[in-house]
Amino acid sequence: AGTTWLHKLLQKCVDISLPQEQKEVHFWDWHHRKGFEWYIRQFGYHSQKASSASAPHYGEITPCYVVLPEATIAELYKCFPNLKIIFVARDLVDRAWSAMIMELRDQTMGLSAGEFANG
């Protein structure tokens, strides 16, 4: 709910380009080994919404970044010294349910419904 709300809100901004395939790219936690070129490709070309006179801002929505290791945060700062972060705090129980439902749907950890409680 929180990430979807934020994603829909940012899609309305004409100078923000979001990933084309998915809102949660997970580059800095799961896909870092794929390299920076892979990360850049997730955004495609400049947003068609943006005017040619304005340089778009790029953004993604990945809740897991809240627990990135200090070394990864230092790398992020080195790559993007003017980075702006939006943090959306949710009710912890609602967030846990949302994570469980997403895992059961996507099975990113490979757990089935009966295994999730033990995982």
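Residues numbered from 1 in each chain as written. Predicted model: local features only at pLDDT ≥ 70, side-chain atom pairs only at ≥ 80, totals over all residues. Heavy atoms only, no water.

1. Overview of the side chain of Glu24
Summarising the element assignment, Glu24 is placed in the loop between β1 (16-17) and α2 (36-41). There is a polar contact of 3.2 Å between the side chain of Glu24 and the side chain of His26. Apart from the residues lying within four places of it in its own chain, the contact partners of Glu24 are Thr3, Ile61, Thr62, Pro63 and Met102. (Helix = DSSP H or I, 4+ residues; strand = E, 2+ residues; numbered from the N terminus. Polar contact = N/O pair within 3.5 Å; in protein donor to acceptor, adjacent residues only side chain to side chain. Contact = heavy atoms within 4.5 Å.)

2. Observations regarding the side chain of His26
Within the element layout of this structure, His26 appears in the loop between β1 and α2. Accessibility expressed as a relative area gives 6% for His26, which makes it buried. A polar atom in the side chain of His26 sits 3.0 Å from the side chain of Asp29. Not counting residues up to four positions away in its chain, the partners in contact with His26 are His31, Glu60, Thr62, Cys64 and Tyr65. (Buried < 20%, exposed > 50% of the residue type's maximum accessible area, 1.4 Å probe, protein only.)

3. Quick word on the confidence of the model for the chain
For the chain, mean pLDDT is 82; residues scoring 70 or higher make up 81% of the total. Ranking the elements of the chain by mean pLDDT puts helix α5 (residues 113-116) last with 60 and helix α3 (residues 70-79) first with 95. Here residues 46-52 is a poorly scored stretch, pLDDT under 50, and it has twelve contacts once near neighbours within four places are set aside; other chains count. (pLDDT = per-residue confidence, 0-100.)

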